[in-house]
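Understanding the architecture of this molecule
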Amino acid sequence: MEVTEKRQRVFSGIQPSGNITMGNYMGAITNWVAMQDLYDCLFCVVDMHAITVRQDPKKLREQTLSLLALLIGCGLDPEKNIMYIQSHVPQHAELSWILNCYTMYGELSRMTQFKDKSQKHADNINAGLFDYPVLMAADILLYNADYVPIGEDQKQHLELARNIAQRFNNHHGEVFTVPEPYIPKVGGRIMSLAEPDKKMSKSDTNPNAYILLLDKPDDIMRKFKRAVTDSEAKVEYREGKSGVNNLMTIYSVATGKSISEIENEFAGKGYGDFKTAVGEAVVEMLRPIREKTEDVLKNKDYLESVYAKNAALASRLAERNLEKIRKKVGFVAKPRG
Ligand code: TYM
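Calculation rules
Residues numbered from 1 in each chain as written. Predicted model: local features only at pLDDT ≥ 70, side-chain atom pairs only at ≥ 80, totals over all residues. Heavy atoms only, no water. Near = heavy atom within 4 Å. Polar contact = N/O pair within 3.5 Å; in protein donor to acceptor, adjacent residues only side chain to side chain. Areas by Shrake-Rupley, 256 points an atom, 1.4 Å probe, with all protein chains shown as cover. Helix = DSSP H or I, 4+ residues; strand = E, 2+ residues; numbered from the N terminus. Core = buried A, V, L, I, M, F, W, Y, C linked by side-chain atoms within 4.5 Å. Buried < 20%, exposed > 50% of the residue type's maximum accessible area, 1.4 Å probe, protein only. Contact = heavy atoms within 4.5 Å. Pairing = 2+ DSSP bridges. Right-handed = clockwise from strand over helix to strand, strands pointing away.

Right, let's get into the site of the ligand. For the ligand, the set of nearby residues contains 27 residues, the closest of which are Q15, Y132, D139, D153 and I190. N24 is positioned with one of its side-chain polar atoms (N or O) 3.0 Å from an oxygen atom of the ligand. Take D139: an N or O atom from its side chain is 2.6 Å from a nitrogen atom of the ligand. Bound to the protein, the ligand loses 97% of the 710 Å² it would expose on its own. The set of elements that each furnish at least two residues to the shell around the ligand consists of β1 (9-14), α1 (22-35) and α7 (127-141).

As structure tokens, then:
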């Protein structure tokens, strides 16, 4: 008899709020691409998370679809992975409510992203913004994911998801898999090109601070030439050289070269040559992504078939797990038919 080993499961999500940066790509999506052949993966465009800050509805719709196209452009295969839109699978919201009742106010108050976003959106500190990490925990626990590929900024949220899973399991038996974060050693935290002590973020008001995946080559080269470094003119990875360290990290991810190989390559050379090389490597890395994404975006029917088919698959998996969870918490089984 043939023994078939069950593959481990991966879940990750990305918000369709604005354009996607090279930070998102290097911190998360490259690992999604690498994991798709080894695990059963679900990749979700999290539009419900996006509305925790005000969005223009028309733009949100467009960005959600173009992000799905971009993920395909990055090399994710919708035949191999379940790639879908969060709001199409209402079980995420239902589990989120249940998990709210297993999450402490104090835990949510400690979330650094909540503190940062409440400062940034002081006129709209809504309950969804506070509850954001519980919805994220629901995304992951709904599918019993073993691994969650993320950048470093999401580590605290994942730690919370683990705590919620353990708390629920303590009450009700082994219901949830306790998920592990999967963070790249190089590229887990890509910094702003303008203020290298800050994370690269698509919501930065200065467009020279970030590289977008769909930026044109000329813009990419210009942004790297302007990137903030220091006055030492030495391509070395060291404490206190956050601008240069960041560019070395980016070059390392784009070329596959190690940090010491990069130090050797640029020994005795100035920052001008180095920045040009980083820019060119990033242009080459992003070129096929831009071309493929443009192709996918031309075919709206294909895109719709992808998210429709995959939402049905996700929903089936989610419902199977949620039936168990409802029973564990004491809900009367839903009448069939
Ligand atoms: P989001 O949309 O802000 O970012 C998507 C992914 O990109 C990573 N990332 C970075 N990595 C390295 N350097 C950076 N500068 C950088 N900026 C962003 C993020 O860590 C993330 O992995 N809450 C999540 C979305 C989410 C999710 C989930 C993730 C919702 N549900 C379930 C995992 C599992 C978020 O806002 O990511």
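Additional details are given in the paragraphs that follow.
Attention now goes to the nonpolar core. In terms of nonpolar packing, the biggest core is built from 57 residues, with M22, L71, F224, I250 and V282 touching the most fellow members. In terms of residue count, helix α12 (residues 271-298) provides more of this core than any other element does, 11 residues in total. Apart from the residues lying within four places of it in its own chain, the contact partners of L71 are I14, I29, W32, V45, L76 and M83. Among the nonpolar cores identified, the runner-up in size contains 42 residues, and L99, V134, A137 and A165 belong to it.

Let's shift gears to the pairing of strand β2 (residues 40-45). Each regular strand displays side chains that alternate between the two surfaces of the sheet. Counting buried residues along β2, five of its six residues qualify, which places the element largely inside the surrounding structure. Two strands pair when backbone bridges link them, and β1 and β2 are joined in this way by six bridges, in the parallel orientation. In the sheet register, I14 faces β2, and the bridge partner there is V45. Since β1 and β2 lie parallel, the crossover through α1 that links them has a hand, and here it is right-handed.

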